[in-house]
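Overview (structure and organization)
Take a look at the letters that make up each chain.
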Amino acid sequence: MPTTTLQFDLLRAGRCKLSRWISDTAMSSTSQKHKEFVAEPMGEKPVMALAGIGEVLGKKLEEHGFDKAYVVLGQFLVLKKDEELFRDWLKDTCGANAKQQRDCYGCLKEWCDAFL
């Protein structure tokens, strides 16, 4: 059965919508917390200012001596910004799930790219 112009136009429109949806999803994958964190120098921000780190994980990190974002940054740098090592450390230290690990890693990586 030959493809009509209408079928071709519908197929192309569907691909454009899918492509736009994928692009929008990728661009909105960072939280407001992430955007605010990477927008300025770290200073004395608490550990809970990091994307992916809420009150529960923040308290667990504080119990291990990681009370400020810059202390977690130090560990991130000691681990040579290696994603797998950092995510494993975060999981082992405070029980962060995969999304929390990914968010925190991405936040610190983007901050480093902007400020170091």
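Residues numbered from 1 in each chain as written. Predicted model: local features only at pLDDT ≥ 70, side-chain atom pairs only at ≥ 80, totals over all residues. Heavy atoms only, no water.

Note the threshold: UniProt positions are given in the numbering used here, feature names are shortened, and annotations may be inferred rather than shown by experiment.
As recorded in an unreviewed UniProt entry, the protein goes by Barrier-to-autointegration factor and comes from Crenichthys baileyi. Under the Sequence similarities (unreviewed entry) heading, UniProt states for the protein: "Belongs to the BAF family."

Observations regarding the state of the cysteines
When the sulfur atoms of two cysteines share a covalent bond, that bond is a disulfide. Note the cut-off: When two cysteine sulfur atoms lie within 2.5 Å, the pair is treated as a disulfide. Whether a residue is buried, partly exposed or exposed follows from its accessible area with a 1.4 Å probe, protein chains only, as a fraction of its type maximum: under 20%, in between, or over 50%, in that order.
Applying the stated criterion to the full structure yields 0 disulfides. Left without a disulfide partner, Cys94 is nearest to the cysteine sulfur of Cys104, which lies 7.9 Å away. Of all cysteine sulfurs in the structure, the one in Cys107 sits closest to Cys104, which takes part in no disulfide; the separation is 6.4 Å. By relative accessible area, which is 0% here, Cys104 ends up buried.

So, unusual backbone geometry
We apply this condition: Put simply, DSSP marks the helices as runs of H or I at least four residues long and the strands as runs of E at least two long, and each gets a number from the N terminus on.
Look at Lys80: it is not a glycine, yet its phi comes out positive at around 60°. The residue Lys80 is located in the loop between α4 (69–78) and α5 (83–94) in this model. Residue Lys80 is classed as exposed on the basis of its relative accessible area, which comes to 72%.

Notes on the nonpolar core
Put simply, the rule reads: We call a set of buried Ala, Val, Leu, Ile, Met, Phe, Trp, Tyr and Cys residues a nonpolar core when their side-chain atoms join them within 4.5 Å. The contact criterion used is simple: two residues touch if any of their non-hydrogen atoms lie within 4.5 Å.
Residues Phe37, Leu50, Phe86, Leu90 and Leu108 are the most contacted members of the largest nonpolar core, which totals 27 residues. Looking at which element gives the most residues to this core, the answer is helix α6 (residues 98–115), with 6 residues. With residues near it in sequence (within four places) discarded, Phe37 still touches Met42, Lys45, Ala49, Leu50, Ala69, Cys107, Leu108 and Trp111.

Focus: the pattern of salt bridges
Here the idea is simple: oppositely charged side chains can pair when their charged atoms come close. Test applied: By definition, a salt bridge exists where a carboxyl oxygen of Asp or Glu is found within 4 Å of a side-chain nitrogen of Lys or Arg.
In total, this model carries 5 salt bridges according to the counting rule given. Note that Lys99 and Asp103 form a salt bridge whose closest N and O atoms lie 2.6 Å from each other. Taken together, the residues Lys99 and Asp103, both in helix α6 and 4 residues apart, mark about one turn of the helix. A salt bridge links Asp113 to Lys109; its shortest N-O distance comes to 3.1 Å.

A short note on the packing of helix α3 (residues 55–63) against α5
Describing two packed helices takes the angle between their axes plus the distance from one axis to the other. Our working rule: The axes used here are C-alpha line fits, helices contributing only the stretch in contact, and every angle between their N-to-C directions lies in the interval 0 to 180 degrees. Here is the rule for angles: anything less than 35 degrees is roughly parallel, anything more than 145 is roughly antiparallel, 65 through 115 is roughly perpendicular, and the remaining ranges are oblique. Ten residues, namely Ala, Val, Leu, Ile, Met, Phe, Trp, Tyr, Cys and Pro, are considered nonpolar, four, namely Asp, Glu, Lys and Arg, are considered charged, and the remaining ones, Gly among them, are considered polar.
At a closest axis distance of 9 Å, the pairing of α3 and α5 adopts a crossing angle of 85°. As the angle between them shows, α3 and α5 are arranged roughly perpendicular. On α5, the residues that touch Leu57, Lys60 and Leu61 of α3 are Trp89, Leu90, Thr93 and Cys94. Residue composition of the contact of α3 with α5, by class: 5 nonpolar, 1 polar and 1 charged.

Examining a negative patch on the surface
Put simply, the rule reads: A patch is a set of surface residues, each over 30% in relative accessible area and not in a salt bridge, joined within 9 Å for like charges and within 5 Å for the nonpolar side chains Val, Leu, Ile, Met, Phe, Trp and Tyr. Residue-level accessible areas treat just the shown protein chains as cover; the underlying method is Shrake-Rupley with a 1.4 Å probe. Only four residue types enter the tally: Lys and Arg on the positive side, Asp and Glu on the negative side, with His and both chain ends excluded. For this purpose, a charge sits on NZ of Lys, CZ of Arg, CG of Asp or CD of Glu.
Among the surface-exposed residues, Glu44, Glu62, Glu63 and Asp67 lie close enough to one another that they form a single negatively charged patch. The topology assignment puts Glu63 in helix α3.

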